[in-house]
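Residue-level listing of the chains:
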Amino acid sequence: RQGELDVGALFQVASVRDQVQALLNEVPARVAALKTIVLSTEEPVVAIGRHCDKPYTRDFKAHCWQGIPTPIRGPRHVDAPALRGCVEALRYPLYFMDFETVNPAIPPFDGIRPYQQIPFQFSMHRQDTPGGPVSHTSFLASGHGDPRADFTEALLDAVGSGGDVLAYNLTFEATRIRALAATFPHHAAALEALLTRCKDLIVPFKKGWYYDPAMGDSNSIKAVLP
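Read on for an overview of the structure. Residue numbers restart at each chain and count upward from 1, following the sequence in its written direction. Reporting of local features is limited, given that this is a predicted model, to residues whose pLDDT is at least 70; pairs of side-chain atoms are given and counted only at 80 or more, and all residues count toward the totals for whole chains, interfaces and linings. Excluded from the side-chain calculations are hydrogens and water; all other atoms, namely the structure's heavy atoms, are used.

Below, the discussion takes up the layout of surface pockets. Here the largest pocket is characterised by a volume of approximately 550 Å³. Computed over the protein atoms alone on a 1 Å grid, cavities are sets of points where a 1.4 Å probe fits but cannot get out and pockets are open sets with protein on both sides within 12 Å along at least five of seven lines; a residue lines them when it has an atom within 4 Å of a point. In this structure, the largest pocket is lined by 13 residues; those nearest its centre are P44, V46, R58, F60 and C64. In terms of residue count, the dominant contributor to the lining of the largest pocket is helix α3 (residues 61-64) (three residues). Looking at side-chain class alone, the lining of the largest pocket contains eight nonpolar, two polar and three charged residues. Grid points are joined across faces, edges and corners, and a volume is the space filled by probe spheres set on the points. Numbering of helices and strands runs from the N terminus, with a helix taken as a DSSP run of H or I at least four residues long and a strand as a DSSP run of E at least two residues long. Under the convention adopted here, Pro, Cys and the residues Ala, Val, Leu, Ile, Met, Phe, Trp and Tyr are nonpolar, Asp, Glu, Lys and Arg are charged, and Gly plus all remaining residues are polar.

To continue, consider the sheet that holds strand β6 (residues 198-200). If you walk across this open sheet you meet the five strands as β4-β3-β2-β5-β6, and the pairing is mixed. Every interior strand has two partners, whereas the edge strands, β4 (134-140) and β6, have only one. Here the average twist between neighbouring strands, direction ignored, is 25°. Direction of pairing for strand β3 (residues 118-127) relative to β4: antiparallel, over a ladder of seven bridges. Of the residues in β4, the one forming a bridge with H125 is H136. Running over the sheet, helix α5 (residues 148-159) touches β2 (94-102), β3 and β4 and is turned about 10° from β3. Strands are treated as partners if at least two bridges between them are detected by DSSP. To get an axis, a line is fitted to the C-alpha atoms, and for a helix only the part in contact is used. The angle between two axes follows their N-to-C directions and goes from 0 to 180 degrees. In this analysis, two residues are considered to be in contact whenever any of their non-hydrogen atoms come within 4.5 Å of each other.

Taking a probe equal in size to a water molecule and rolling it over the atoms shows the remaining empty space. Counted by the stated rule, this structure contains one cavity of 30 Å³ or more. Taken as a whole, the largest cavity encloses approximately 30 Å³ of empty space. Taken together, Q116, Q117, P119, R148, R176, A179 and L180 make up the lining of the largest cavity. The greatest single-element share of the lining of the largest cavity, amounting to three residues, is contributed by helix α6 (residues 171-183).

This brings us to the side chain of R176. Of note, R176 is situated in helix α6. Burial classification: accessible surface area is computed with a 1.4 Å probe over protein chains only, and a residue below 20% of its type maximum counts as buried, one above 50% as exposed, and the rest as partly exposed. Charged residues are defined here as Lys and Arg on the positive side and Asp and Glu on the negative side; His and the ends of the chain fall outside this count. Salt bridge criterion: a side-chain nitrogen from Lys or Arg within 4 Å of a carboxyl oxygen from Asp or Glu. Salt bridges are absent for the buried R176, whose nearest opposite-charge side chain, E173, sits at 7.5 Å. R176 has contacts with F99, T101 and Q117, leaving out every residue within four places of it along the chain.

To continue, consider the environment of P104. One can find P104 in the loop between β2 and β3. Discounting chain neighbours no more than four positions away, the residues touching P104 are P114, Y115, Q116 and I118.

This part is about the packing of aromatic side chains. The relation between two aromatic rings is expressed through the spacing of the ring centres and the mutual angle of the planes. Two rings belonging to Phe, Tyr or Trp (six-membered ring only in the last case) form a pair when the distance between their centres is within 6.5 Å. Interplanar angles under 30 degrees mark stacking, angles over 60 mark edge-to-face geometry, and anything in between is tilted. Under the criterion given, the structure shown has six aromatic pairs. Where F99 meets F151, the ring centres are 5.1 Å apart and the plane angle is 85°; that geometry is what we call edge-to-face. Of this pair, F99 sits in strand β2 while F151 sits in helix α5, and the two are 52 residues apart along the sequence. Relative to F151, the ring of F122 lies with its centre 5.4 Å away and its plane at 90°, an arrangement referred to as edge-to-face.

In this section: a nonpolar patch on the surface. Patches in this entry comprise residues that are over 30% relatively accessible and not in a salt bridge; like charges within 9 Å are linked, as are nonpolar side chains (Val, Leu, Ile, Met, Phe, Trp, Tyr) within 5 Å. Every accessible area reported is derived by Shrake-Rupley at a probe size of 1.4 Å, with residue values counting cover from the shown protein chains alone. On the surface, V16, V20, L24, V27 and V31 cluster together into a nonpolar patch covering about 370 Å² of accessible area. Looking at the nonpolar patch, the elements with two or more residues in it are α1 (17-24) and α2 (27-39). Its place among the elements puts L24 in helix α1.

Within the element layout of this structure, F139 appears in strand β4. A sequence separation of 67 residues divides F139 from I72, and the C-alpha atoms of the two residues are 38 Å apart. Setting aside its immediate chain neighbours within four residues, F139 contacts F120, Q121, F122, P147, D150, F151 and A154.

The interhelical angle for the contact between α5 and helix α7 (residues 188-196), taken along N-to-C directions, is 50°, at an axis separation of 11 Å. On the basis of their axis angle, the class for α5 and α7 is oblique. The interaxial crossing formed by α5 with α7 has left-handed handedness. On the side of α5, the interface is formed by T152, L155, L156 and V159, while α7 contributes A190, L191 and L194. A per-class count over the contact of α5 with α7 returns six nonpolar, one polar and no charged. Put simply, angles under 35 degrees are roughly parallel, angles over 145 are roughly antiparallel, angles from 65 to 115 are roughly perpendicular, and the rest are oblique. Crossings are sorted by hand: turned counterclockwise from the far helix by less than a right angle, the near helix makes the crossing left-handed, and turned clockwise it makes it right-handed.

Right under this line is the structure:
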């Protein structure tokens, strides 16, 4: 985006009446089938397959797929030496970093493309010594104007100049930091220096140093954290 947008020029009005009419005859049978399933005391007999993840992963997938062998699944496993080496390599103070973004279809500010991730919030915890107290700082955009400049300055202020910066699935945060460095050249050196301090907390789980069957075949924090 460069300059004001004519938002109306991005859309056109089109009738979908004919498409809806063509589907109406199917509705009563579908409603009846769904009511039958809801009232049944037995599980529906439906084979597992790709439809379990499309267009989204079904809530009951873990139940339906239990007992299906995969290369990942197995007994609980802890590689203590590998985990110990990972922890002992950490450099204090430690910073625990997490970003939140929005990616609107219509760019709200100049210099932003459709669906570009715009960071507007971060959370940063700091621990100065092993087992020591943890302090917290954060940033939340005001909601008025492009938040990226204020976000960048607050982020650099929050992470100080030394110590490891930890994130889970770091690729997301690292990509945002590189984008900020490209947008604000005067902060590029500091942002690149920040990237050299970053470590990804997902690594021990991706490498199999810690595994629990309850995690299934996922390294997502939603599967790992519980």
